[in-house]
Structures are given as structure tokens and as C-alpha cells.
Amino acid sequence: MHPGGTRGRVALILLSTVLAAAGCSTDATSTGSAGGTPSSTGSGPAPSSPASATGSASPTTNVYAADAAGALTGAARTAKPMVYVPNTISDTVQLIDPSTYKVVGRFPTGREPQHVVPSWDMKTLWVNDDLGNDLIPIDPKTGKAGKRVPVEDPYNLYFTPDGKHALVMAERLRRIDVRNPHTMKLQRSLSVPCHGVNHADYSADASFFVASCEFSGKLLVIDADATKVRKVIDLNKVKTPGATSPHDAMMMPGSPKQGLMPGASAMPQDVRLTPDGRYFLAADMLRNGVWVIDARTLTITRFIHTAMGAHGIYPSRDAGRLFVSNRDAGSITVLDSATLKKVALWEIPGGGSPDMGGVSSDGSELWLAGRYDHVVYVFDTTTGKVTHRIKVDSGPHGLAVWPQPGRFSLGHTGNMR
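In this text, all values refer to a predicted model and were calculated from it rather than measured experimentally.

Enquirer: Explain the overall build of the protein here, please?
Expert: Looking only at helices and strands, the protein features two helices and 29 strands. For the protein, with 417 residues in total, the buried portion stands at 62%. Considering only residue pairs separated by 6 or more positions, the protein has 54% of its internal contacts joining residues 24 or more positions apart. Roughly 14,100 Å² of accessible area belongs to the protein as shown, and the carbon and sulfur atoms make up 54% of that amount.

Enquirer: What should I look at first to understand the confidence of the model for the protein in this one?
Expert: Low-pLDDT stretches of the model should not have their predicted coordinates read in fine detail. Averaged over all residues, the pLDDT of the protein equals 88, while 84% of them reach at least 70. Ignoring residues within four places in sequence, the model shows residues 2-54, a span with pLDDT below 50, making 152 contacts including any to other chains.

Enquirer: Just to check I follow, could you spell out the state of the cysteines for this structure?
Expert: Here is the idea: a disulfide is a covalent bond, and it sits between the sulfur atoms of two cysteines. This model, assessed by the stated rule, comprises one disulfide. Across the disulfide from Cys 194 sits Cys 213; the S-S distance is 1.9 Å. One end of the pair, Cys 194, is in the loop between strand E12 (186-191) and strand E13 (197-202); the other, Cys 213, is in strand E14 (residues 208-213), and 19 residues separate them in sequence. Looking at Cys 213, the relative accessible area reads 0%, which means it is buried.

Enquirer: Would you mind going over the sheet that holds strand E28 (residues 386-391) with me for this structure?
Expert: Paired through backbone hydrogen bonds, the strands of a sheet run either parallel or antiparallel to each other. On the basis of which strands lie adjacent, the open sheet formed by four strands has the order E25-E26-E27-E28 and antiparallel pairing. At either end of the open sheet lies a strand with only one pairing partner, and these are strand E25 (354-359) and E28. Between one strand and the next, the sheet's axes are offset by a mean angle of 25°, whatever the strand orientation. Relative to strand E26 (residues 365-370), E25 runs antiparallel, the two sharing four bridges. If you follow Pro 354 over to E26, its bridge partner there is Gly 370.

Enquirer: Mind showing me how you'd approach the nonpolar core here?
Expert: Burial of nonpolar side chains together is a common tendency in soluble globular proteins. Membership of the largest hydrophobic core comes to 31 residues, with the highest contact counts inside it found for Leu 157, Phe 159, Leu 167, Ile 176, Met 184, Phe 209 and Ala 226. Broken down by secondary-structure element, the contributors of at least two residues to this core are strand E9 (156-159), strand E10 (166-170), strand E11 (175-179), E13, E14 and strand E15 (218-223). For this core, the element with the most residues is E10, which contributes four residues. Once residues lying within four places of it in the same chain are set aside, the contact partners of Leu 157 are Val 117, Trp 126, Asn 128, Ala 166, Leu 167, Val 168, Met 184, Gly 411 and His 412. Counting residues in hydrophobic clusters, the runner-up holds 21 residues, among them Ala 204, Ile 233, Val 238 and Ile 300.

Enquirer: For this particular structure, what's the right way to read the pairing of E9?
Expert: Taken residue by residue, a regular strand's side chains alternate between the two faces of the sheet. Both faces of E9 are covered, namely the face carrying Asn 156 and Tyr 158 and the face carrying Leu 157 and Phe 159. Both E9 and E10 contribute to a ladder of four bridges, which runs antiparallel. Bridge pairing links Leu 157 to Val 168 in E10. As consecutive antiparallel partners, E9 and E10 are separated by six residues, and within that stretch Gly 163 has a phi angle of approximately 75°, a positive value.

Enquirer: What is the right way to look at the pairing of E11 in this model?
Expert: Within E11, five of the five residues are buried, leaving the element largely enclosed by the surrounding structure. Residues Arg 175, Asp 177 and Arg 179 point to one face of E11 and Ile 176 and Val 178 to the other, with burial holding for every one of them. Pairing geometry for E10 and E11, over five bridges, is antiparallel. Residue Ala 166 lies in a different strand from E11, and its bridge partner there is Arg 179. Counted along the chain from E10 to the antiparallel partner E11, the turn is four residues long, and its residue Arg 174 has a positive phi close to 60°. Remark: six residues form the turn of the hairpin made by E11 and E12, two consecutive strands paired antiparallel; Met 184 in that turn has positive phi of roughly 65°.

Enquirer: Teacher, can you tell me more about the sheet that holds strand E22 (residues 321-326) here?
Expert: Strand order in the open sheet formed by four strands is E21-E22-E23-E24, and the pairing between neighbours is antiparallel. If you trace the sheet from one side to the other, it starts and ends with strand E21 (310-315) and strand E24 (342-347), each paired once. Each adjacent strand pair in this sheet contributes to an overall mean axis angle of 20°, direction not counted. Both E22 and strand E23 (residues 331-336) contribute to a ladder of six bridges, which runs antiparallel. In the strand pairing of E23, Val 324 is matched with Thr 333.

Enquirer: How should the pattern of salt bridges be read in this particular structure?
Expert: Two side chains that carry opposite charge are able to pair once their charged atoms sit near each other. All told, the structure shown has 10 salt bridges when counted by the stated rule. Of the charged contacts, one joins Arg 175 and Asp 177 as a salt bridge, the two residues approaching to 2.8 Å between their closest N and O atoms. What makes Arg 175 buried here is its relative accessible area of 17%. Classification of Asp 177 by relative accessible area gives buried; the value is 0%. A single salt-bridge network, built from bridges that share partners, covers Glu 152, Arg 175, Asp 177 and Arg 179.

Enquirer: Looking at this model, I keep getting lost on the packing of aromatic side chains. Mind explaining?
Expert: Aromatic rings in a pair are described by how distant their centres are and how their planes are angled relative to each other. According to the stated counting rule, one finds eight aromatic pairs in the structure shown. With a centroid separation of 5.8 Å and 50° between ring planes, the pair formed by Phe 208 and Phe 280 is classed as tilted. Taken as a pair, Phe 208 in strand E14 and Phe 280 in strand E18 (residues 279-284) lie far apart in primary sequence, 72 residues in all. Assigned by exposure class, Phe 208 and Phe 280 land together as buried. Their ring planes at 55° and their centres at 6.3 Å tell us that Tyr 377 and Phe 379 sit as a pair that is tilted.

The rules behind the values
Residues numbered from 1 in each chain as written. Predicted model: local features only at pLDDT ≥ 70, side-chain atom pairs only at ≥ 80, totals over all residues. Heavy atoms only, no water. Helix = DSSP H or I, 4+ residues; strand = E, 2+ residues; numbered from the N terminus. Buried < 20%, exposed > 50% of the residue type's maximum accessible area, 1.4 Å probe, protein only. Contact = heavy atoms within 4.5 Å. Areas by Shrake-Rupley, 256 points an atom, 1.4 Å probe, with all protein chains shown as cover. pLDDT = per-residue confidence, 0-100. Disulfide = S-S within 2.5 Å. Pairing = 2+ DSSP bridges. Axes fitted to C-alpha atoms, helices over the stretch in contact; angles between N-to-C directions. Core = buried A, V, L, I, M, F, W, Y, C linked by side-chain atoms within 4.5 Å. Salt bridge = Lys/Arg side-chain N within 4 Å of Asp/Glu carboxyl O. Phe/Tyr/Trp six-rings, centres within 6.5 Å; stacked < 30°, edge-to-face > 60°.

As C-alpha cells, then:
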């Protein structure tokens, strides 16, 4: 998120006082089609289960079946266990040894490193310096950083399911840049009709993906290879309970919500497919909950209120639960993956700002950056208790827990399939 300079590191603490209840949920109206045929997989792995060209899946499907506890494959097997923390204010990446919970390394980056992203083949971890306009490769075998690669505005990074393309979410430039996944040479660009494009996930059949536009309050449906925007889902048209008032939020000094475009009342963040492939979930930091989008019809089916600042979504290793980080509330909402019912609320004692991160390889821990608190939180996924608070530099954001199970990486901090 670009507005606010340092992403509202102080103002978000104040946002807990700002709630304005709205009406009940209704379906949004939007036009277009998100169909199309599944993309060619070339030499890459096939999707995890059969599904239609519109992204639907069987109720027995588990798109995260390859992500089970300890199921490391390929280059992940030889990776050095480490947690990589990009610090947006300090312009550093710190390395935490997950066995000792201590910071064991640090290296400088370009301006505002946002996420550490595993490549599709898991042979490289990429640091996204969006204001520094470069990507920094890390060798996961050693944890050593390599030579910076010039790339315009890499706020976030994804990969097509066949591994043929890297997708750079150039947020401030309002486009998705399609690049060579190894050299990062630009192949082409897709302009997007919104502001703040940044997070995404693919359908069960890998034929398309849904991306969020946080400053416009919209979701985009885009074909697998990012050649065309097939549909725009306008979240602003739908009223939801427990929403934060855009007017009040934008009055907060330094708040990233000051980047909202006129008329926007939603602020979608992380996007994740449910394990059964039936729904896309989009965490919304302004509406304070999770949108549920039918993956077949691409319409809004419901809204789940979680807590203030809903931001990241992470499946458990058995795919039975989904962890939603509530950045402004200092809590984690746990959803049942099958029913999407809230089954637990994990609160950080004394409050906090849990943001992005990932689940450990064995599934026992959830690691999240404390965006405005100079810490990394470690949660026990059985009890929900915070077992460790690890002091880090200023502005920790999209940390990567590595290695992680899976056959390949779709990007972000470890969207594994």
C-alpha cells in the first residue's frame, strides 16, 4: 500500500476506535464472464484436481492436498529452514532461525521491501522492493542475497501455474507486468481498471485468477496468463455489518486508507481459494471481514465479519482451518474451511498488528509480521497462544516461512499448490 509513505505505522493503532455499522449483505451486480479454457501446463505440474473451465471444483477436492505437513518437494528439500522478514521502514531483510527464534542475519534492501516470495520452482526467494524498483534474489540453501534485478514497482509477485511467467503486481503503475520467471525480463504488461492491485489467487483448475484492488474496492477476474481482465467485481455496492467509515478512516494521519479512491468503501487485501475450490475469499481491511465469492458464478455469496483490519488468509496444513489476520484488532479469526463458520478468535495479549506471513512446514506454528510493532509473532496453531514475540526492524511486512510443502509456488509469501 503506497499512500501514507510508511503505510500508516502510527495511525492504524488509532483505528480501533473507528467503527460504523452498516446494513446487511446483498449480492453485488457486475458484468462480464470469467470463463475460458485451462491454460497449457507445458512441462509444469497439472492442477491438483479436475475442475471446469469456470473454476468450479468437486466438494471432495482439496486444492492444498500437496501442502500437507512435512511434504517438501524439489528444491524445498535442500532449503535452509529460515524465516525471512522484509522491513518496509528500515529497508532491510532479517533472517530468523525458527529453531531458536533468534535473528541470525540481516541485509540491506532497496526502498520499502514488501514481501519475500518463493519462485515457482522454489529455487529462489525474491525480495520485492517496490519503491526501490528491484527484486533481490535469495539462495534458500544458504540464505544469502544475490545481485539486485531492476524491475519497476514490484509490490507483490506471483507465478502462473505452469511456471512460464512471473506476474509482478505493479500497484502504483496500475498494471500487471508479465515477466520471464527466471531473468525477470519484461514480456508484456496488462493495464488494470483499478487502483492498488496487489494480491491474488488462482482457481482450482488454474484457468484464471482473482486479484484485489485495495484502493478502488474491487476484485478483478483475469485469465491465467494475464492477457485480459474478464470481469470486475465491485465490492463497494454491497453493504456489510461492522464496516469502518471511509471518511473517518481517511482522517487518520498517515493511514494507508487515505489512498482510497472517491466512492470506494471497501479495501480488499489477501485473496485465497478455499480448499474445496468452491469459493474465493478476500480479506477486507475496511469492511473488517472476508468476502466470499462463488468460484463458478463469480458473484458475491456472503460476507463474514471477523474483526478490524482483516488482512491475510492462510490455510492450515490439513486444510481444515483458515487463519485470518486482523491487523487493526490484534487478533486472528479461525474459520472452518468447509463451513466457513468462525470457530475461534486468538487475541494477542496487549494488542498488536498481525499482518502477513505463513504456516510452518509441520503446521504447528503460524508466523506473522507485527506491522506496526517492530515484532514477529509466532502462534501455536493448536492453542492459538502467542508463543514468541521476536523483535525486528521497523515495518515488518510480508515475511516468508521457508521451506514450505507443495509441488510449486504461485507466489506471495507462499501460496503453494
